[in-house]
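Structural description and commentary
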Number of protein chains: 4
Amino acid sequence: MDPRPGHAGFAPAPGRQGPVRALWHWLKRSGRSEQPALKDLAPADLKRVRTTLRECLAEAGGEASARGRVEWLSATYRDLAEDGRKRLLQLLAEEFGPDEHAVGRAIEDYLRTPPGPTRRHAESRLRLALGSPRIRILKQFNLLPEGVKFLVDLRDDVLRYVRELPDIAVIDEELHSLFGSWFDVGNLELSRITWSSPAALLEKLIAYEAVHEIRGWGDLRKRLDSDRRCYAFFHPRMPGEPLIFVEIALTRDMAANVQSLLDESAPVLDPRSAHAAIFYSISNTQPGLRGVSFGGFLIKRVVEQLLAEFPKLRTFATLSPIPGFRRWLEGELKAKSQTLFASADADRICRAASTSDPHEALAELLRRDLAEDAPAAVAVEPLLAHLAATYLAETKGPEDGRAQALDPVARFHLGNGARLERINWHADLSPRGMRQSCGLMVNYLYKLDEIEENHEAYAREGRVAISGAVKRLLKPR
Amino acid sequence: MDPRPGHAGFAPAPGRQGPVRALWHWLKRSGRSEQPALKDLAPADLKRVRTTLRECLAEAGGEASARGRVEWLSATYRDLAEDGRKRLLQLLAEEFGPDEHAVGRAIEDYLRTPPGPTRRHAESRLRLALGSPRIRILKQFNLLPEGVKFLVDLRDDVLRYVRELPDIAVIDEELHSLFGSWFDVGNLELSRITWSSPAALLEKLIAYEAVHEIRGWGDLRKRLDSDRRCYAFFHPRMPGEPLIFVEIALTRDMAANVQSLLDESAPVLDPRSAHAAIFYSISNTQPGLRGVSFGGFLIKRVVEQLLAEFPKLRTFATLSPIPGFRRWLEGELKAKSQTLFASADADRICRAASTSDPHEALAELLRRDLAEDAPAAVAVEPLLAHLAATYLAETKGPEDGRAQALDPVARFHLGNGARLERINWHADLSPRGMRQSCGLMVNYLYKLDEIEENHEAYAREGRVAISGAVKRLLKPR
Amino acid sequence: MDPRPGHAGFAPAPGRQGPVRALWHWLKRSGRSEQPALKDLAPADLKRVRTTLRECLAEAGGEASARGRVEWLSATYRDLAEDGRKRLLQLLAEEFGPDEHAVGRAIEDYLRTPPGPTRRHAESRLRLALGSPRIRILKQFNLLPEGVKFLVDLRDDVLRYVRELPDIAVIDEELHSLFGSWFDVGNLELSRITWSSPAALLEKLIAYEAVHEIRGWGDLRKRLDSDRRCYAFFHPRMPGEPLIFVEIALTRDMAANVQSLLDESAPVLDPRSAHAAIFYSISNTQPGLRGVSFGGFLIKRVVEQLLAEFPKLRTFATLSPIPGFRRWLEGELKAKSQTLFASADADRICRAASTSDPHEALAELLRRDLAEDAPAAVAVEPLLAHLAATYLAETKGPEDGRAQALDPVARFHLGNGARLERINWHADLSPRGMRQSCGLMVNYLYKLDEIEENHEAYAREGRVAISGAVKRLLKPR
Amino acid sequence: MDPRPGHAGFAPAPGRQGPVRALWHWLKRSGRSEQPALKDLAPADLKRVRTTLRECLAEAGGEASARGRVEWLSATYRDLAEDGRKRLLQLLAEEFGPDEHAVGRAIEDYLRTPPGPTRRHAESRLRLALGSPRIRILKQFNLLPEGVKFLVDLRDDVLRYVRELPDIAVIDEELHSLFGSWFDVGNLELSRITWSSPAALLEKLIAYEAVHEIRGWGDLRKRLDSDRRCYAFFHPRMPGEPLIFVEIALTRDMAANVQSLLDESAPVLDPRSAHAAIFYSISNTQPGLRGVSFGGFLIKRVVEQLLAEFPKLRTFATLSPIPGFRRWLEGELKAKSQTLFASADADRICRAASTSDPHEALAELLRRDLAEDAPAAVAVEPLLAHLAATYLAETKGPEDGRAQALDPVARFHLGNGARLERINWHADLSPRGMRQSCGLMVNYLYKLDEIEENHEAYAREGRVAISGAVKRLLKPR
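The present account deals with the structure reproduced in this document. Computed from a predicted structure; not experimentally measured.

**Quick look at helix α15 (residues 343–353) of chain C**
All names here are of chain C. Three or more residues of α15 are buried, namely D345, A346, I349, C350 and A353. Considered in projection along α15, the buried side chains sweep an arc of 125 degrees and stay on one side of the axis. Residues of α15 that are exposed and angled more than 90 degrees away from the buried face: S343 and R351. Elements in contact with the buried residues of α15: α16 (358–367) and α17 (374–394).

In structure tokens, the structure reads:
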């Protein structure tokens, strides 16, 4: 997949609010019957933390002692309020790095040896010298039943604090590398989630769903009905905790509107008569696994499973949000970008908005309720479809000037070898859908015999696979 | 446990012969219905191997392509005869190391940055630059169902070839480090093995048992009877493949003779009336996991399990071989070591051997059949018991002058916190027992409330915990 | 247990309404994606049913043919509306009984043989001759994965139609006897139900709970919290289908009020500090298993499980409804029973109701809202407690004049060996609680060392075990 | 299947000897570490048995009491020697039958009622009155974990004692009827047995194999190799205890010789290239389940499984013994049956045996070693093939004059719908094979599209499906 696992994925949206957010927090804390107020880290505690960390390194005693130490450390950390946690992380970063003298000697040694086998030995020794005490301590948390989850949550904290505390970036990097090894795709288990899955697992779907909020048990039951499928990756050391999950609707044709997919009163299709499998939601659940990408593997394994169950399926496509579209468009409008409009478009929107400046006109129309205001909608539809196609196919990200799409979801699917297939108007009329992308959504098509080629072309040259329909949208107007 | 996992353990004895050896080979090859002759590596094949290794690095295509590549590589490797394997390993070591220029730049960068957060970043980058392409390729074998086992067997090969090919030592080191992470004790599962375990697993015990050969299914059934226990560690990615296993007899008292433990016609004890648990055999099964030590964890976890099942147990002890005793003693005799005999001992053995040189006398008596020749046995018994105690408690190894016992089994149990409890005469009268240790065996006692302290004292100062009885044997005579 | 498994138990209350009732119906029909209109049984269909039943008897063809036949029969039956079902059952009763000539001959034969071994043979032959073709056909439904459930539902129908169609009583009797063998307690599995149980199972609890309606997933989650337990019996041939389940609250003391037990916002108790286990709801789920009683076994097995988990538990008691109390009381009032009131009670209620006829007074006060109307409540409380004690302990049922309590729940627990422990005022203020028992509830106490004796005394002489407190309530006033 | 489950099947051969017989006994007794001498039933014990049986009927106390009683009864019975067991069974038969007065009244009642619903009620009541206390007691053994196995073994005893004690036949009949319900094919689980099955299960195969003795673990391993399959039926209440198992070889063609199938050194076939599945051994394991036939179901379910795994299979056939052939033939010879020989045959064998009486000649030749004595073999081969065909296809059993084959294995397969396909000469040269059938074996062919028709024809008219080749053998010569 993605050779340098990016920072994109589908992390839980920051703006999530209300009861679902509360449930999510509740889950993070669950296992303790009462939630005491979080504490500060008193100097005496800090001292004991330092001593315990050193004992971890000394590996004094046997397995039981080691487990006791990390148990105490994890309980202490979990009970700390933000300030205490920061201080503890800082301590770990500052005092438990590799021995710099040893590193220096190993470097000297390395530089002195000639290439060949001896150099390879020196290389090994240098690698060993760079091995950090921090990570040796953190690995010991694997002795705890919930230890892996603890480290994943710890990295979540690190990622949130790191702007303020650049010192702790090194913990992020070391955990990222450790997780890359632990969460290797060979270690992940793909499981189907059904209405017969444990309720304790299903409520996590409700909490974690990041794309189209699950509104309760009735909604969830619909999403697990006989014409739906849901799959997740699990790690054997984090049982009952999905790492990423995907929701699929089996439909006759490629779906164009997400509200009708989610309509609880819609009739159920006999899944054996379906020709299309629509991936309408993919949610990463663990912010602490950022950059450890398994989304691509998930989609391809799920396609295999679906084909085994329903050999008649012909179309595998997503119905995806375009989360960055409106923000990008508003930026372009502010900058008075001259490439936005062809004259026909400009005329049409100026007429609808009763102004003569097309930038102002578009800005004004976007402020209206495009779900309800038919004249405004008619005026902007062709232009927005063109602009969305441009945004997805031709607008490159700042992170990697050469090749990567600016839109994170596009980056993910195009990087996986999907094709930009169709732009859908009035496809997501929810408040979030209107806010992010003026109600537009996109289908990315996974065409089995083109995936590899598309992936290669995108990875090497940033070339995007595009359907005929989207090509027509892209044409100069 | 052992902070720097040692090279000792209990690797299958090299001298294993006959049908069991054949079965062991058979198991290594099983899964293929016919065993074709192993092939050489033709130049064209070598070229294809190189190309495929490069494609692995490029991570071209998706998971299926990646899996296809490592499948081909593993099948190719498995079919190669020794010469071909060596060439392939050499290729991997020479051509797939880190980019030395990048390492050079990262070193420069590191040396230039001042200590503190920036230095830590430079450190991270240097670590990344040292990350070897080899190991990135090897990790991809985890995609195969049998991939982990393949890598373990690969390292077995590397360890056998490395004297001749010092270049490939780097592969050993990298795999050792990778296995340290994969076979972390938190990832291991302790399982009891019983007569209700799969026959396919049980026949592996027969093949792998390294200490006291299992002579067939009847012998095995006895070792799994109601007054016996057998436990093993398993790794989830190597199902059905025990990593290490221990055999235990539940007895009234601390056992002093292994043949009576293994006597198939001996009556079965009601295990609830047992006071002692005797660990009479511990076998590592995977030579490719050398240095990844989990034996100490195994013993302590098994003690927990036994106590939960039989709260009346008071004594946890081994009945262990002294594999290096006779070799060491013969070396001392050759060197005419002057500290071997007190005069009373010298007199006694000279009389028995009818010579006046005690060194010659002992050498001569050792050549007799001490299991049968009563006068010889009577003459040497007190002396050999004294010498064995000296060998175990006071003879330090060449590998680590400071602290480690010379005898590998002693090193293992003393390092785990056990106490040198009792030397047993006529304890193993099998040919191997006579050959290795003149029929002597030793009990190491795991006293629950002393384990930690013993472990510390041994690890820090090389101080050995010794029972009163053994102390008396050690006294100058 | 109950030597003649009664007709009481805790069948789903007939008055269940609203969404829960709808869900229950939905579950009964689930498995079919669309619910077609139920059909009538056309004459041609009836003919085919008769032919197929005869083929079943002939056991033509192999297992596949047999399975095909019962599959068709069960699908046909499931799609029939009530009229068709009745006709089909009638057909089965009338035409598929034993051969009366063969029975006649076997009787003759039996009557002719003298007592002793020959008579025993004749007895066997008579038993064989009475073996009914109906039941041989019905047993074949066991070939279907859902066949056992089908038969249980079939008997539910029979029980509902039998008043109108006395002919089909024989099917009820034969199925009752068959179920007695199939649902033998040795074949039942006791399982704990938790929040980690499948949602598809949990929603059945919501639907089946017959005593205190579960109001949704939040209510259910509370009932499965760490200070609660829920256990059910399952049959291996009806997986995922609880036969009977019990809900338990772990509390400090014997609970006196069910609303506070069910309060979702109540704090969670650390279950290790509980001294009492309160069985506050027992629900039979399968009307078709009426008379196959396993409730008593359930309670005793659950007590064992609870004691194993929480050795500190001292009190095992129910908090039970008194479903027949008010109906009985109103009957007594109508009949102007003279034994209801002592004079003090009569005075008090007459004063409160401002009438001079105590029967009228009580009737009048019972019409008020005793949950809110404090003066009325104060006036009736001691009288109602006395009357409830009388009703439970001294009022015998019409079904079995000798011994059985009139109240079905009392009959169940007293028959199991429980003791009538405490009458609780204002214990169930729900509409149903007020309607059935004026808000009163009762604790039955399961005292482990008295259960057998109580059971014997009740079974043999109808003697009820009564606490001191209830004895005081019973005293002539 | 067989509408009246016969007495045939493949019960363990009575003549089984030596170590395997010993192991079989050992298994029957296992679970007790020491085997005490079996005891007699003292008068006091008999009295206690009677009292306990009565308490069972009274169902005094709860489940724990009931379990305690049957535990005591089963332990008592297991410890009894043959005489005591007989006395106990006699007691059960004589004193725990139905109440004859109640039966008499129910008969009177039945005879008095007119046909119709009322008669059906009387019928129900009569059936109830005939319900025997014995069986109510025996059913309670289901409360014990090993209770079902106990009853199966009890019936084994009854079947062995019944000739001597005709009184206890009633227990056999009642258990037979109970087992018919418990071991209904819907309650049986088909499982594949492999080399990964528990050793404790595999050793039972060694003990129970009734057709071709398994000579040890090496032989067993061969029978579970990749070109073999083994399936068994299990009952959920007798886990780890196969009820019947079948061994299959996947071969290119229909096998003609069993020794080559069982040759441990034969090469392993790639099972995907097999066209035939040869059922070469079917063993019933529980003598106590005699007459409860599930063999036919087993074969058909296994055929389904094999086809699912190997869609290329074309031929499903047995390679079966002809256990009664030689005994029948010797009977015919003794009786000087005139239909045995055509004149050509008579001449040939008279020449070979140097006598002029063909009956004597054949008797004489059969006494020779036909596996080694080529001239004798050549002389008898065509005649024996003809006679075996006659025996299998045309010789009807004494038990059911109309239709059933005399040979029990033929009865089983022909009754299942198989076709008599081929007689094989020199097919089983083992001592048993020579003794039972002069080394002949037979293939019964299961042709999927003819099974039902064959089954019907055989069941209704005793018509046997015969291949062209066997028809030619049957022709008058």
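**Re the packing of helix α9 (residues 169–182) of chain A against helix α9 (residues 169–182) of chain B**
Running from amino to carboxyl end, α9 of chain A crosses α9 of chain B at an angle of 80 degrees, the nearest separation of the two axes being 10 Å. What the angle tells us is that α9 of chain A and α9 of chain B run roughly perpendicular. Touching L178, S181 and W182 of chain A of α9 of chain A are L178, S181 and W182 of chain B, all from α9 of chain B. Considering only residue class, the contact of α9 of chain A with α9 of chain B consists of four nonpolar, two polar and no charged.

**Points about the side chain of K222 of chain A**
All names here are of chain A. Among the structural elements, K222 can be located in helix α11 (residues 217–223). No salt bridge forms around the buried K222; measuring N to O, its nearest opposite-charge neighbour D225 is 4.9 Å away. With residues up to four places along the chain from it excluded, the contact list for K222 reads R228, D263, E264, A266, P267 and V268.

**Digging into the interface of chain A and chain B**
Listed per partner, the contact involves 51 residues of chain A and 51 residues of chain B. Carbon and sulfur atoms make up 47% of the area that chain A and chain B hide from each other, which totals about 4400 Å². Looking only at chain A, the three residues that lose the most surface to chain B are E63, R120 and L130 of chain A, adding up to 14% of its buried area. The tally of links from chain A across to chain B stands at eight salt bridges.

**Focus: the relation of the copies chain B and chain D**
Aligned on chain D, chain B shows an RMSD of 0.1 Å; the corresponding rotation is 179 degrees and the shift along the axis is 0.0 Å. Classification of the inter-copy transformation places it as that of a two-fold axis. By C-alpha distance to the rotation axis, the residue of chain B lying nearest is P198 of chain B, at 2.1 Å.

**With respect to the interface of chain B and chain D**
Contact with chain B, which involves 11 residues of that partner, is made by 11 residues of chain D. Both sides together, the interface formed by chain B and chain D hides about 1000 Å², and carbon and sulfur atoms give 59% of it. For the pair chain B and chain D, the number of links is two salt bridges. A salt bridge links R221 of chain D to E203 of chain B; its shortest N-O distance comes to 2.4 Å.

**Quick look at the environment of L92 of chain B**
By secondary structure assignment, the location of L92 of chain B is in helix α4 (residues 82–95). Setting aside anything within four residues of it in sequence, one finds L92 of chain B in contact with L53, R134, L138 and I171 of chain B.

**Remarks on the packing of helix α5 (residues 100–112) of chain D against helix α6 (residues 117–130) of chain D**
Residues and elements named next belong to chain D. Taken N-terminus to C-terminus, the directions of α5 and α6 make an angle of 165 degrees; their axes are 9 Å apart at the nearest point. Here α6 runs roughly antiparallel to α5, going by the angle between their axes. Helix-helix and strand crossings are classified by hand; for α5 and α6 the assignment is left-handed. In this structure, α5 uses A102, V103, A106, I107, D109 and Y110 to contact α6, whose residues at the interface are R119, A122, E123, R125, L126, A129 and L130. Taken together, the residues of the contact of α5 with α6 sort by class into nine nonpolar, no polar and four charged.

Rules used in this analysis
- Residues numbered from 1 in each chain as written.
- Chains lettered and ligands numbered in written order.
- Predicted model: local features only at pLDDT ≥ 70, side-chain atom pairs only at ≥ 80, totals over all residues.
- Heavy atoms only, no water.
- Buried < 20%, exposed > 50% of the residue type's maximum accessible area, 1.4 Å probe, protein only.
- Helix = DSSP H or I, 4+ residues; strand = E, 2+ residues; numbered from the N terminus.
- Arc of directions from axis to C-beta.
- Contact = heavy atoms within 4.5 Å.
- Axes fitted to C-alpha atoms, helices over the stretch in contact; angles between N-to-C directions.
- Parallel < 35°, antiparallel > 145°, perpendicular 65-115°, else oblique.
- Nonpolar A, V, L, I, M, F, W, Y, C, P; charged D, E, K, R; others polar.
- Lys, Arg positive; Asp, Glu negative; His and termini not counted.
- Salt bridge = Lys/Arg side-chain N within 4 Å of Asp/Glu carboxyl O.
- Buried area = accessible area lost by both parts, 1.4 Å probe.
- Least-squares fit on C-alpha atoms with pLDDT ≥ 70 in both.
- Left-handed = near helix turned anticlockwise from the far one by under 90°.

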